[in-house]
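Below, each chain spelled out in residue letters.
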Amino acid sequence: MVAYRTKMVERITLPAREQRERTLAEAGYNVFNVPAAEVYVDLLTDSGTGAMSDEQWAALVRADEAYAGSECFDRLESAVADVMGFEHVIPAHQGRGAENVLYGTLLSAGDVVPNNTHFDTTRAHVANQDADPVDCPVDEAYDFESDAAFGGNLSLDRARTVVDEVGPEQVPVVVQTITNNSAAGQPVSVENTRRVRAFADEIDATFVIDACRFAENAYFVKQREDEFADASIAEIAREQLSYADAVVMSGKKDGLVNAGGFVATDDPDLFERCKQRAILYEGFPTYGGMAGRDVAAMAVGLREAVEEAYVADRVEQVREFGSLLGEAGVPVATGGHAVYLDAGAVLPHLSSDVFPGQALVCELYREGGVRGVELGSFAFPETDRPELVRLAVPRRTYHREHFDHVVETVETVLETRSEVDGLRLASEPSIPELRHFTADLEPVQT
Ligand SMILES: *Cc1c(COP(=O)(O)O)cnc(C)c1O
């Protein structure tokens, strides 16, 4: 069931094939360098790219811009209390700002942080405190063949091994990321969250939930965890988050806004300490780097995110997209926010040193003006991750016709796949971990 209709439209166009070819070459075969106006279906990310509701736009116009004590901050506080169950909120300009506030407060040099899988910015913020981020995914996390219901879970065995190695005093924080963005956006069960809570108590650690996609996760819990079959999305979300000492949130995901984020907690002491760091990096704690209007829109977005009709429409749209691609003959893994293609299987004639994932991303743009993102040997040099291409779905933005176009594009690519060339780096940016954002590439004839 569709949960909304269109009230305002944005024109999109598909440039002619020769234009796409030229644009790709000018962009150095890196779609981050392609102008958005030349993209027909933009699946680069689901972060901050969704459509706001009429209620959010109305809240945005009505919002006040007071530096201190703004009324829209009160509305955010009550939305966070009602939807997520936390009393104290510290807004930030986006998720990574909130990460800086929270992890900068909780961590010291030499600490070790277990997480089901660290998202890129989380990893970087833990490392920025000279602490060591350790991923503890379950074995099914990266298995395309697996039909695990909760492939995003945190492995308690792995986390225990970490604690046994370094001692509990070196592990002041345990993080659970729901859904597990870096493991194909797979969900985390409430059962797993309860066990992580107990584990954190055992070692006297602070339990943080990275709640970016907490509503999408709740939808999977309702579908897949028997205990919650009859619970509402709102009830499940509150139950799961209730086990955490603090949450870190990017409003650009399940906050349903284009900018914003926050830390929330019930711990008055942690709140006070975070507040000081927030003033230093983000802004006064009633706006935290956001405009008042964005705070107001996020307060409304949080409530909309747990509406049954919205979240069912959202997750089912992504699921259906994934199954259409699967039927077209591509190995896919489908999470709550994105579909992941196995580029290694699509382009088996390309070895990892000529970036099969990036070659597929370029082919999707060349064939259909579709923009995805490579998450394989180009984005993660020196690791042996699978050669993935992610097609992330913006919230409330695209319709069945757009997905049909993407599927047709993929089918066309499959027909000529043996002719697809690999790529090599033409320029090497100074920070290798960030090279996929700006590097130029060139085709290599294979
Ligand atoms: C997006 C994201 C972040 C960072 O949020 P930004 O708003 O992009 O800064 C942190 N954790 C997870 C799991 C995310 O998906």
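These numbers come from a predicted model, not from an experiment. (Residues numbered from 1 in each chain as written. Predicted model: local features only at pLDDT ≥ 70, side-chain atom pairs only at ≥ 80, totals over all residues. Heavy atoms only, no water.)

## Things to note about the site of the ligand
Note the threshold: Nearness is judged by heavy atoms alone; a residue qualifies as near a molecule or strand once a single heavy atom is within 4 Å of it. We define a polar contact as two N or O atoms separated by no more than 3.5 Å, with the added condition that, inside protein, one atom must be a possible hydrogen donor and the other a possible acceptor, whereas residues neighbouring each other in sequence contribute only through side-chain atom pairs. For accessible areas, the Shrake-Rupley method is used with a probe of radius 1.4 Å. Any residue's cover is judged against the shown protein chains and nothing else. Numbered from the N terminus, helices here are DSSP runs of H or I no shorter than four residues, and strands are runs of E no shorter than two. In the scheme used here, Gly and all other residues not listed as nonpolar or charged are polar, with Ala, Val, Leu, Ile, Met, Phe, Trp, Tyr, Cys and Pro taken as nonpolar and Asp, Glu, Lys and Arg as charged.
Lining the immediate environment of the ligand, one finds 15 residues, of which G95, R96, D210, S250 and K253 sit closest. Within the side chain of N181, an N or O atom sits 2.9 Å from an oxygen atom of the ligand. Burial of the ligand by the surrounding chains reaches 97%, relative to a free accessible area of 380 Å². Secondary-structure elements contributing two or more residues to the shell around the ligand are α4 (95-106) and α5 (120-128). Of the residues in the shell around the ligand, the class split is two nonpolar, seven polar and six charged.

## Let's talk about helix α12 (residues 308-327)
Rules: To estimate how far a helix should extend, the number of its residues minus one is multiplied by 1.5 Å. Think of it in three bands: residues with accessible area under 20% of the maximum for their type are buried, residues over 50% are exposed, and the middle band is partly exposed, with areas taken using a 1.4 Å probe on protein chains only.
For α12, which comprises 20 residues, the first-to-last C-alpha distance of 28 Å matches the rise-based estimate of 28 Å (1.5 Å per residue) to within 8%. Among all positions in α12, only Y310, V311, D313, R314, V315, Q317, V318, F321, G322, L324 and L325 are buried. Downstream of α12 by one or two residues, G329 has phi in the positive range, about 105°.

## Quick look at the packing of aromatic side chains
Rules: Planes of paired rings set the category: under 30 degrees apart is stacked, over 60 is edge-to-face and the rest tilted, where pairs are Phe, Tyr or Trp rings (Trp by its six-membered ring) whose centres lie within 6.5 Å. Only when the NZ atom of a Lys or the CZ atom of an Arg is both within 6 Å of the ring centre and within 35 degrees of the ring normal do we say a charge sits over the ring.
Evaluated as defined, the whole model comprises five aromatic pairs. For the ring pair F32 and F437, a centre distance of 5.0 Å and an interplane angle of 70° mean the geometry is edge-to-face. Here F32, found in the loop between α1 (17-26) and β1 (41-42), pairs with F437, found in helix α16 (residues 435-438); they are 405 residues apart in sequence, far enough to count as distant. Residue classification places F437 among the partly exposed positions, given a relative accessible area of 36%. Above the face of the F119 ring, K253 is positioned so that its terminal group lies 5.4 Å from the ring centre. If you follow R385 out to its NZ or CZ, it ends over the ring of F380, 3.7 Å from the centre.

## Some remarks on the domain arrangement of the protein
We count it as follows: For the domains described, the bounds stem from an automatic or database domain assignment. Residue contacts are defined here by distance: any two heavy atoms, one from each residue, within 4.5 Å place the two residues in contact. Accessible area that two parts lose when put together, with a 1.4 Å probe and added across both, is what the buried area reports.
Domain boundaries assigned for the protein yield domain 1 (17-39 + 308-444) and domain 2 (54-305). Domain 1 and domain 2 are separated by 28 Å when their C-alpha centres are compared. Opposite the 23 residues of domain 1 that make contact, domain 2 presents 24 residues. Contact between domain 1 and domain 2 buries roughly 1800 Å² in total, counting both sides, with carbon and sulfur atoms accounting for 58%.

## Thoughts on the UniProt feature "domain: Aromatic amino acid beta-eliminating lyase/threonine aldolase" (unreviewed entry) in the protein
To keep it simple, the criterion reads: UniProt positions are given in the numbering used here, feature names are shortened, and annotations may be inferred rather than shown by experiment.
On the UniProt side, "domain: Aromatic amino acid beta-eliminating lyase/threonine aldolase" (unreviewed entry) is annotated at positions that read residues 42-407 here. Its end C-alpha atoms 14 Å apart, residues 42-407 is made of 44% helix and 14% strand.

## Focus on a negative patch on the surface
The criterion, for reference: Residues forming no salt bridge and having over 30% relative accessible area are the ones grouped into patches, like charges within 9 Å of each other and nonpolar side chains (Val, Leu, Ile, Met, Phe, Trp, Tyr) within 5 Å. By convention in these notes, a salt bridge is any Lys or Arg side-chain nitrogen within 4 Å of a carboxyl oxygen on Asp or Glu. Charge counting treats Lys and Arg as positive and Asp and Glu as negative, with His and both chain ends excluded. To locate a charge, take NZ of a lysine, CZ of an arginine, CG of an aspartate or CD of a glutamate.
Together, E87, D266, D267 and D269 make up a region of like negative charge exposed at the surface. By the secondary structure assignment, D267 is in the loop between β8 (261-265) and α10 (268-281). Exposure remark for D267: the relative accessible area of 34% places this residue in the partly exposed category.

## Some details on the nonpolar core
What counts here: For the purposes of this section, nonpolar cores are sets of buried Ala, Val, Leu, Ile, Met, Phe, Trp, Tyr and Cys residues that join through side-chain atoms within 4.5 Å.
Formed by 62 residues in total, the largest nonpolar core has its most connected members in M84 and F214. Inspection of this core shows a minimum of three residues originating in each of domain 1 (17-39 + 308-444) and domain 2 (54-305). The residues contacting M84, other than those within four sequence positions of it, are A79, A211, F214, R238, L241, V247, M249, F262 and L302. In terms of nonpolar packing, the next biggest core, distinct from the first, is built from 46 residues, V34, A343, L350 and L364 among them.

## Side note on the pairing of strand β13 (residues 388-392)
Here is the rule we go by: Two strands pair under a simple rule: DSSP has to find at least two bridges between them.
In terms of residue burial, β13 counts as a mostly covered element, since five of its five residues are buried. Side-chain alternation along β13 places L388, R390 and A392 on one buried face and V389 and L391 on a second face that is also buried. Note that strand β12 (residues 373-375) and β13 share three bridges and pair antiparallel. Residue L375 lies in a different strand from β13, and its bridge partner there is L388.

## Describing the environment of T265
For T265, the location among the structural elements is in strand β8. Taking the C-alpha atoms as reference, T265 lies 33 Å from Y4; in sequence the two are 261 residues apart. Look past the residues within four positions of T265 in its chain and what remains in contact with it is F86, E87, H88, D245, A246, L270 and F271. Here the side chain of T265 touches D267 through a polar contact of 3.0 Å, landing on its backbone nitrogen.

## As for the pattern of salt bridges
Within the structure shown, the criterion is met by 28 salt bridges. Residues E21 and R366 are paired through a salt bridge, measuring 2.7 Å at the closest nitrogen-oxygen approach. Residue E21 is located in helix α1, and its partner R366 is located in helix α14 (residues 356-368); the two are separated by 345 residues in the primary sequence. With relative accessibility at 14%, the residue R366 sits in the buried group. With a shortest N-O distance of 3.3 Å, D254 and R395 are connected by a salt bridge.

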